[in-house]
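Fold and geometry: a report
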Amino acid sequence: MSNTLEAIHLLEDKLQSLLFNYEFLKKENEILLRSTTNLQQELLEKQEELASQKKQYDLLKIAKTIDGSSKDTRDTKLKINALIREIDKCIIQLQE
C-alpha cells in the first residue's frame, strides 16, 4: 500500500513540475512571439526607409547629372533609355 502511495505522490510531483514548466514555457513563448512581431515590424520599417533612401539617392544622382556633372552621365542615359523602353512597351500593350 505504501508503494502505491509513494508512486501516487511521485506522479503528483512530476505532474506539478510539468504544469509549472508548461506555464513557464507558455509565458516565455508569448514574450518571444511579441518580440518577434516587434522585430518584424521594425525590419519592415527599416526596409521601407532603405528603399526610400535609395530612391532619393537615385534622384539626386540623376539631378546631378542633369545639372551638368560629367560623373554618372552614362548611368543616367542608361536609366533614361530603360524608362523609354518601358514606356514603349506600355504603348504597344495599349495599342493591342
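Here is a short report on the structure shown in this document. Nothing here was measured: the structure is a model prediction, and the numbers come from that model.

Thoughts on the overall build of the protein chain
Looking only at helices and strands, one finds two helices and zero strands in the protein chain. Across the 96 residues in the protein chain, those meeting the buried criterion constitute 2%. With an accessible surface of roughly 9,300 Å², the protein chain has 60% of that area assigned to carbon and sulfur atoms.

A short note on a nonpolar patch on the surface
On the surface, a cluster of nonpolar side chains totalling about 360 Å² of accessible area is made up of Phe 20, Phe 24 and Leu 25. Relative to the assigned elements, Phe 20 resides in helix α1 (residues 2-66).

Considerations on a negative patch on the surface
A cluster of like negative charges, contributed by Glu 42, Glu 45, Glu 48 and Glu 49, occupies part of the molecular surface. For Glu 45, the location among the structural elements is in helix α1.

Cut-offs and rules
Residues numbered from 1 in each chain as written. Predicted model: local features only at pLDDT ≥ 70, side-chain atom pairs only at ≥ 80, totals over all residues. Heavy atoms only, no water. Helix = DSSP H or I, 4+ residues; strand = E, 2+ residues; numbered from the N terminus. Buried < 20%, exposed > 50% of the residue type's maximum accessible area, 1.4 Å probe, protein only. Areas by Shrake-Rupley, 256 points an atom, 1.4 Å probe, with all protein chains shown as cover. Patch = residues over 30% accessible without salt bridge, like charges linked within 9 Å, V, L, I, M, F, W, Y side chains within 5 Å. Salt bridge = Lys/Arg side-chain N within 4 Å of Asp/Glu carboxyl O. Lys, Arg positive; Asp, Glu negative; His and termini not counted. Charge placed at Lys NZ, Arg CZ, Asp CG, Glu CD.

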